[in-house]
Amino acid sequence: MNSQDMSIVNLVLHASWVVQLVMLLLLGVSVASWAAIFRKLFALKRVKSLNEEFEREFWSGTSLNELFAAAAQNAKHAGPMERIFASGMREYQKLRERRITDPGTLLDGARRAMRASFQREMDVIESSLSFLGSVASVSPYVGLFGTVWGIMHAFTGFAGMEQVTLATVAPGIAEALVATAIGLFAAIPAVIAYNRFARDIDRVATHQETFIEEFSNILQRNLGAHPGSPSGH
């Protein structure tokens, strides 16, 4: 390649096939990473919105039985917090149907059901996060591999030359360095998104755990005041 014609496109087209394969892989990973970032961004926004909407309804004075009936009807479109609440109420009602009246047993059953539901919800919320972490940590090294291979290939081509100048070395080295640049292009957004999403998910988890404790306290108070009847809060 002419040393004066060193545009990115020409560098990619004149790179060795191994380096081109690395570049193609990194570009594919970058596209998948951006798709995961936008999916997670909208998913977290929806989770926060649904949780806030349910929490407003929960603290508005609506009875627990009415909230549970609404959650059962809206199961497909409910948010994580509403599904956690429904799991606790469902387990409570199942225990009541078995004529269990001990408040401790009822409360423990509801709490265990909510914890299991909480874990399922967090598994869904955290999906794709490990992929972004892998992209962030691995992409620079894949790019570095392409660069090292490209430099080796370039120096192998110089072996038969009697005189090697910067003009002859520069194109081959530049071709190899493009792989590292693409690796960083894939990794940097993934790192930023991973840190942002991890922080947001921690907040969602804390919020939902707080709700579980608050709802458990409400059940405990209601069971103490009116055994077997968690109708109000």
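Just so you know, these numbers come straight off a predicted model, no measurement behind them.

**Q** Before we move on, could you go through the overall build of the chain and cite the residues and values that matter?
**A** Across its full length, the chain holds seven helices and zero strands. What you see in the chain, going N to C, is helices and strands ordered as α-α-α-α-α-α-α. Considering the chain as a whole, with its 233 residues, one finds that 40% of them fall into the buried category. Of the contacts made within the chain by residues no fewer than 6 positions apart, 81% connect residues no fewer than 24 positions apart. Total accessible area computed for the chain in this model is approximately 13100 Å², and 60% of it derives from carbon and sulfur atoms.

**Q** Provide a residue-level description of the UniProt feature "transmembrane region" (unreviewed entry) in the chain, including the pertinent values.
**A** Within this structure's numbering, the places UniProt gives as "transmembrane region" (unreviewed entry) are residues 12-38, 129-152 and 172-194. Taken end to end, residues 129-152 is 100% helix and 0% strand, and its first and last C-alpha atoms sit 35 Å apart.

**Q** Any chance you could break down unusual backbone geometry for me, citing the residues and the numbers?
**A** A positive phi angle, near 60 degrees, is found at arginine 99, a position not held by glycine. Assignment of secondary structure puts arginine 99 in the loop between α4 (80-97) and α5 (103-125). In the Ramachandran plot, serine 128 falls in the positive-phi region, its phi being about 80 degrees despite a non-glycine side chain.

**Q** Any chance you could break down the side chain of aspartate 200 for me, citing the residues and the numbers?
**A** Here aspartate 200 is to be found in helix α7 (residues 166-225). When neighbours within four sequence positions are excluded, aspartate 200 is seen to be in contact with Leu44 and Lys48.

**Q** A description of the packing of helix α3 (residues 64-73) against α4 should follow, citing residues and the corresponding values.
**A** Between two packed helices, both the angle of their axes relative to each other and the distance between the axes serve to describe the pair. Where α3 meets α4, the closest approach of the two axes is 10 Å, and the angle between their N-to-C directions is 115 degrees. On the basis of their axis angle, the class for α3 and α4 is roughly perpendicular. The hand of the α3/α4 crossing is left-handed. The segment α3 lies against α4, with Leu64, Asn65, Leu67, Phe68, Ala70 and Ala71 engaging Glu82, Phe85, Ala86, Met89, Arg90 and Gln93. In terms of residue class, the contact of α3 with α4 is built from eight nonpolar, two polar and two charged.

**Q** I'd like to hear about the packing of aromatic side chains, residue by residue, with values.
**A** Per the counting criterion, the structure on display carries 11 aromatic pairs. Measuring from centroid to centroid gives 5.8 Å for phenylalanine 54 and phenylalanine 211, while their planes differ by 75 degrees, and the two rings are edge-to-face. One end of the pair, phenylalanine 54, is in helix α2 (residues 17-58); the other, phenylalanine 211, is in helix α7, with 157 residues separating them in the sequence. Look at phenylalanine 211 and you get buried, because its relative accessible area is 1%. Considering the side-chain rings of phenylalanine 58 and phenylalanine 85, the 6.0 Å spacing of their centres and the 75 degrees angle between planes classify their relative orientation as edge-to-face.

**Q** Outline the packing of α2 against α4, supporting the account with residue identities and numerical values.
**A** Here α2 crosses α4 at 50 degrees, and the two axes come no closer than 7 Å. Between α2 and α4, the crossing angle belongs to the class labelled oblique. For the pair α2 and α4, the contacting residues are Val47, Asn51, Phe54, Glu55 and Phe58 in the first and Pro80, Met81, Glu82 and Phe85 in the second. The residue inventory of the contact of α2 with α4, partitioned by class, reads six nonpolar, one polar and two charged.

**Q** A description of the pattern of salt bridges should follow, citing residues and the corresponding values.
**A** For the coordinates displayed, the defined rule picks out five salt bridges. Of the charged contacts in the structure, one is a salt bridge between arginine 83 and glutamate 121, with a shortest N-O distance of 2.6 Å. Residue arginine 83 is located in helix α4, and its partner glutamate 121 is located in helix α5; the two are separated by 38 residues in the primary sequence. When the shortest N-O distance is used, the salt bridge between glutamate 209 and arginine 115 registers 3.4 Å. Of the two residues, glutamate 209 is situated in helix α7 and arginine 115 in helix α5; the sequence distance between them amounts to 94 residues.

**Q** Can you explain the environment of alanine 205? Please cite residues and give values.
**A** Within the secondary structure, alanine 205 is located in helix α7. Along the primary structure alanine 205 and glutamine 119 are separated by 86 residues, whereas in three dimensions their C-alpha atoms are 9.4 Å apart. For alanine 205, the contacting residues outside a window of four places in its chain are Phe118 and Met122.

Reading the values: rules and limits
Per chain, residues are indexed from 1 in the order of the written sequence. Note on the predicted model: pLDDT of at least 70 is required for a residue's local features to be given, and 80 or more for side-chain atom pairs to be given and counted; whole-chain, interface and lining totals, by contrast, use all residues. Side-chain measures here rest on the full set of heavy atoms in the structure, leaving out hydrogens and waters. A run of H or I in DSSP counts as a helix once it spans at least four residues, and a run of E counts as a strand once it spans at least two, with each numbered from the N terminus. For every residue, the accessible area obtained with a 1.4 Å probe (protein chains only) is divided by the maximum for its type, and the residue is called buried under 20%, exposed over 50%, and partly exposed between those limits. Whether two residues are in contact is decided by their heavy atoms: any pair within 4.5 Å suffices. For the area figures, the Shrake-Rupley method with a 1.4 Å probe applies, and any residue is considered shielded solely by the protein chains shown. UniProt positions are given in the numbering used here, feature names are shortened, and annotations may be inferred rather than shown by experiment. An axis is simply a line fitted to the C-alpha atoms; with a helix, the fit covers only the stretch in contact. Between two such axes, the angle follows the N-to-C directions and lies from 0 to 180 degrees. When describing relative orientation, an angle under 35 degrees is termed roughly parallel and one over 145 degrees roughly antiparallel, while 65 to 115 degrees is termed roughly perpendicular and anything else oblique. Note on convention: near helix rotated counterclockwise from far helix by under a right angle means a left-handed crossing. Clockwise means right-handed. Under the scheme applied here, ten amino acids are nonpolar (Ala, Val, Leu, Ile, Met, Phe, Trp, Tyr, Cys and Pro), four are charged (Asp, Glu, Lys and Arg), and all others, including Gly, are polar. Any two of the Phe, Tyr and Trp rings considered here, Trp counted by its six-membered ring, make a pair once their centres fall within 6.5 Å; the pair's planes then place it as stacked at under 30 degrees, edge-to-face at over 60, or tilted in between. Any carboxyl oxygen of Asp or Glu within 4 Å of a side-chain nitrogen of Lys or Arg constitutes a salt bridge here.

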